[in-house]
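# A look at the structure
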Amino acid sequence: MIKEHEILKINKDGWNKVADQFFEGTFNNLGYGTYSPDENELNLLGDVKGKVILEVGCGSGHTLEYLANKGARELYGVDFSTVQLNTAKRVTSYLSTPIHFIESPMEDMTELPEAYFDIAVSIYALGWTVNLDKTLKNVYDSLKSGGVFVFSWEHPVHSVLEYDEEKLYFRRSYVDEGPEKHESWRSVPIIMNYRKISTYINALVKAGFIIDQVVEETRIPENDNSKPSKWYSAEKARMICPDIIIKSHKL
Ligand SMILES: C[S@@+](CC[C@H](N)C(=O)[O-])C[C@H]1O[C@@H](n2cnc3c(N)ncnc32)[C@H](O)[C@@H]1O
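Now for a quick tour of the structure. What you see is a predicted model; the values in this text were computed from it and never measured.

To continue, consider the sheet that holds strand β11 (residues 243-250). Backbone-to-backbone hydrogen bonds pair the strands of a sheet. The strands run either parallel or antiparallel. Taken in spatial order, the seven strands line up as β3-β2-β1-β4-β5-β11-β10 in an open sheet, and their pairing is mixed. Only two strands of the sheet have a single neighbouring strand rather than two, namely β3 (99-103) and β10 (209-215). Strand-to-strand twist in this sheet, taken as the mean axis angle between neighbours without regard to direction, amounts to 15°. Note that strand β1 (residues 52-56) and strand β4 (residues 117-123) share three bridges and pair parallel. Bridge pairing links Ile53 to Ile119 in β4. Each of β1, β4, β5 (143-154), β10 and β11 is contacted by helix α5 (residues 132-142), which is oriented at about 145° to β5, the strand it contacts most.

Written out as C-alpha cells, the structure is:
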C-alpha cells in the first residue's frame, strides 16, 4: 500500500508539471465547478467585506483575486505547488489587500494561525488530500468560532462514471474507496483519492463542523451540447451533477 508521503510527493511533482493547464477563474466571479451554480447565485460566503479568509489549494490565485476585489481584509492562500503559487502571486500582485502565501501540503498547515479566519474556502482542491481528517482538523482549528467553511469537489458519483459507446457505466466501484494511480492524467503520473459523499460528510462532522447546506445542482448553458467523451460534458451533466458543494461552520 502506497504511503501518504509518497502520494504527496508524486502529486506535488505532478501539479508542478500541469500547473499551466489550470489557469482558471475570473476576478469578477467565483465558480465552484464547470457546471455548478456560482457564488453570485448561491451566496454561500455571504458578504466578504472586511473578512479574513483562507483558501486551501489556492492554485492560480483567481479566487483570492475575486475575494480581494469583493473587499476581504486579509487573505491566506495555501498550496503545495511552487509553480501554482508563483502564478497566484503574479495574478494578485496588483492588489493592495494583504495576501499571505503558504507553500505547504493541506495535511500539514502548521504555519496557519489558530482561531483566526472568518471564512475558509476550497475550490476543487480538498479531494486531493491524502488525509481528509487531518486536513479538516487544520481548517477547523484555523477558523474562529462561527467561521464558515465552503468547499467544492467533483461529485463522487461523477468521478466513477465513464462514457463509452453512447452509454455511461461505472468504470470503478463507488463503494470501494482509496487511491488510484492515473498514468495518463494530463500526461503526468498523479494519484487521486476516491471517497464517497458520506465520507466527506462524516469527516466534517467528526472534525466538529455543523453542516449547513449541500449543493447538488447543475447549470448547463443552452448552447452547450458537449458529448460525454469529454470528462466534463453537458450530456453527462444532465444525468449526474459534476460538482458537489458543501457549506458548514464551526460552532
Ligand atoms: C484543481 S486545482 C484548484 C485550484 C484553485 N482552487 C482553483 O479553483 O482554480 C487543485 C489545487 O490543489 C493543489 N493541491 C493538490 N493536492 C494538494 C495538497 N495535498 N496540499 C496542498 N495543495 C494541494 C494543487 O497544487 C492545485 O493548485
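Having seen the structure, we can now continue with the description.
This model, assessed by the stated rule, comprises 11 aromatic pairs. Both rings, one in Tyr116 and one in Phe117, keep their centres 5.4 Å apart while their planes meet at 90°; by these two values the pair is edge-to-face. Given the relative accessible area of 29%, Tyr116 is considered partly exposed. Residue classification places Phe117 among the buried positions, given a relative accessible area of 0%. Of the aromatic side chains, those joined through ring pairs into one cluster are Trp15, Tyr124, Trp128, Trp153 and Tyr232. Of note, Lys236 hangs over the ring of Trp231, and the distance from its end group to the ring centre comes to 3.6 Å. Lying over the aromatic face of Tyr140, Lys250 brings its terminal NZ or CZ to 4.7 Å of the ring centre.

Our next topic: the site of the ligand. Near the ligand lie 19 residues; those nearest to it are Gly57, Asp79, Gln84, Met106 and Ile123. Contacts to the ligand include Gly57, whose backbone N or O atom sits 2.8 Å from a nitrogen atom. Within the side chain of Asp79, a nitrogen or oxygen atom sits 2.6 Å from an oxygen atom of the ligand. Taken together, the residues of the shell around the ligand sort by class into 10 nonpolar, five polar and four charged.

The full count for this structure, using the stated rule, is 10 salt bridges. Across the pair Lys144 and Asp118 runs a salt bridge whose closest N-O atoms are separated by 2.8 Å. You can see Lys144 sitting in strand β5 and its partner Asp118 sitting in strand β4, a full 26 residues away along the chain. A residue is classified by how much of its surface remains accessible, and Lys144, at 30% relative accessible area, is partly exposed. The exposure class of Asp118 is buried, given its relative accessible area of 16%. The residue Glu180 makes a salt bridge to Arg172 at a minimum N-O spacing of 2.7 Å. By relative accessible area, which is 14% here, Arg172 ends up buried. Three or more residues are tied together by salt bridges with common partners; here these are Glu41, Glu217 and Arg219.

This part covers the side chain of Asn131. Here Asn131 shows up in the loop between β4 and α5. Of the polar contacts made by the side chain of Asn131, one reaches the backbone nitrogen of Asp133; its length is 3.4 Å. Not counting chain neighbours up to four residues away, the residues in contact with Asn131 comprise Glu4, Glu107 and Arg195.

On to helix α7 (residues 197-207), then. Taken together, the buried positions of α7 are occupied by Ile197, Tyr200, Ala203, Leu204 and Ala207. Seen end-on, α7 carries its buried residues on one side only, within an arc spanning 140°. In this structure, the buried side of α7 is in contact with α5, β5, α6 (156-160), β10 and β11. The first or second residue beyond α7 is Gly208, which carries a positive phi of 110°.

Quick notes on the rules
Residues numbered from 1 in each chain as written. Predicted model: local features only at pLDDT ≥ 70, side-chain atom pairs only at ≥ 80, totals over all residues. Heavy atoms only, no water. Pairing = 2+ DSSP bridges. Helix = DSSP H or I, 4+ residues; strand = E, 2+ residues; numbered from the N terminus. Axes fitted to C-alpha atoms, helices over the stretch in contact; angles between N-to-C directions. Contact = heavy atoms within 4.5 Å. Phe/Tyr/Trp six-rings, centres within 6.5 Å; stacked < 30°, edge-to-face > 60°. Buried < 20%, exposed > 50% of the residue type's maximum accessible area, 1.4 Å probe, protein only. Lys NZ or Arg CZ within 6 Å of the ring centre and 35° of its normal. Near = heavy atom within 4 Å. Polar contact = N/O pair within 3.5 Å; in protein donor to acceptor, adjacent residues only side chain to side chain. Nonpolar A, V, L, I, M, F, W, Y, C, P; charged D, E, K, R; others polar. Salt bridge = Lys/Arg side-chain N within 4 Å of Asp/Glu carboxyl O. Arc of directions from axis to C-beta.

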